[in-house]
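Structural features, examined
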Amino acid sequence: MSIRIHYSPLSQHSRRVRVAAMELGLDIDWRLIDFAKGENRAAEYLQKNPAGKVPTLDDDGLVLWESNAIMAYLADKKPQANLYPTDARARAQVNQWLFWESAHFGVAAITLTWERVMKQAFMQQPADPALVAQGERDWSRYAAILNGQLEGREYVAGALSIADFALASIVVHREAAGIDMKPYRHLQNWVDRMEARDSFQKTKPPF
Amino acid sequence: MLTLYGHVNPLSINTLKVRVALAEVNAEFRYQPVDLAKGEQHRAEFVALNPYAKIPLLVDDDFILAESDAIMWYLAETFAPARLLGTTPRERARTLQWCDFVSTGLYPAYYDLYLHTVSNAPDKRLPTIAESATKRLARSLGVLEPLLGKQETLTGQFSIADLSAAVVVRNIQDRLPFDVAAHPHLLAWYARVTTRGPWQAAMAAAAH
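What this report covers is the structure whose coordinates are included nearby. (Residues numbered from 1 in each chain as written. Chains lettered and ligands numbered in written order. Predicted model: local features only at pLDDT ≥ 70, side-chain atom pairs only at ≥ 80, totals over all residues. Heavy atoms only, no water.)

What to know about unusual backbone geometry
A cis geometry characterises the amide bond from A:V54 onward to A:P55, with omega recorded as 0 degrees. Relative to the assigned elements, A:P55 resides in the loop between α2 (43-48) and β3 (56-59). Omega for the bond connecting B:I55 with B:P56 falls within 30 degrees of zero, at -5 degrees, which places this linkage in the cis form. Mapped onto the elements of the fold, B:P56 is located in the loop between α2 (44-49) and β3 (57-60). Positive phi, normally seen in glycine, also occurs at A:E66, with a value near 75 degrees. Inspection of the secondary structure assignment puts A:E66 in the loop between β4 (62-65) and α3 (67-77). (Helix = DSSP H or I, 4+ residues; strand = E, 2+ residues; numbered from the N terminus.)

The structure is reproduced here in structure tokens:
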């Protein structure tokens, strides 16, 4: 039985998992969850993912959510691809950037994307100026860190890894969200490199 | 020899969980407090280790690692391979899932509520953020409560994910105007985690 993954084409967290699966060459049974129809709140889905979010993986009875955990699980199916290294120190560094993405960098990017793009598109609500201000402050702080890390490095942990998929997928709406990339040349060049990959090209969001 | 650079208050949330993890794997370490109030994280000798000026930071000879969950994972992998992470890919994925759940859901909800009800100066406390954080916190605890009614730990066996979640629950109880009494299974699990020897040892060490 192939691995089933519930996803939404609008979700940046789904996209990183699609990118990872594609880069790993894994055969996945993709199942679209339509938020507009409330499918993420259906009882059957909530049983799998109590938070009602995407993506969710179902691999022959193993139900798993949180996109970074799913990517790590998929990458462990193909250790030879080395997208999630097995050496303890190399893996620790990928983990460091994965956790940094979920706790810091991603939060800043999501705040700006949600407030300036999604909230208006899906809920017809205006951006909250206080949250935007907080997002801006956090963004400039974290973007500088990632920019520094990418100076002289092709990928964030040295070699290409699932941490690159996590970090690059979260800034996809940077123009509409007013996420300022100009001061961060290395960050910008790296995002361009990542988005030029086949896996990113084939998973572009519908808008 | 390991060196942990951490908060001057060893009970500070991300420092505490790494200290408990060190006790769980029974690793000896040197503790180096970094006084954020004095700006010690910006001193040249610390920035040389971590250009991003953040604690906690683990130094293992020439290997330097930030991010508390990544540090706990590394400690568990290096010092106690068969415990605290799980052994099969599925168990490990489950551990990572719950660590991520804490860092993307439970912790930010706690922290936003802490900032906007307790920590910020009164004129910087934003009711809209406090309100949304309260809802997000209730939602996260609402995911944990039924799970912990069915099993002893987050993943089915004790792991670093329990430590990640427990330090947040500790701070919720200590610091927030938020009542967790409606979550008996969560509180029973919290008691199980915090009566373990390593947690007790880390608390005792912090008191010195």
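Description of the sheet that holds strand β2 (residues 28-32) of chain A
Residues and elements named next belong to chain A. Within the open sheet, the four strands sit side by side as β2-β1-β3-β4. Their pairing is mixed. The sheet is open, and its two edges are formed by β2 and β4, each paired on a single side. Geometrically, the sheet is characterised by an average inter-axis angle of 20 degrees between neighbouring strands, direction not taken into account. Of the pairings in the sheet, the one linking strand β1 (residues 3-7) to β2 comprises five bridges and is parallel in character. Paired with I5 across the two strands is W30, which belongs to β2. (Pairing = 2+ DSSP bridges. Axes fitted to C-alpha atoms, helices over the stretch in contact; angles between N-to-C directions.)

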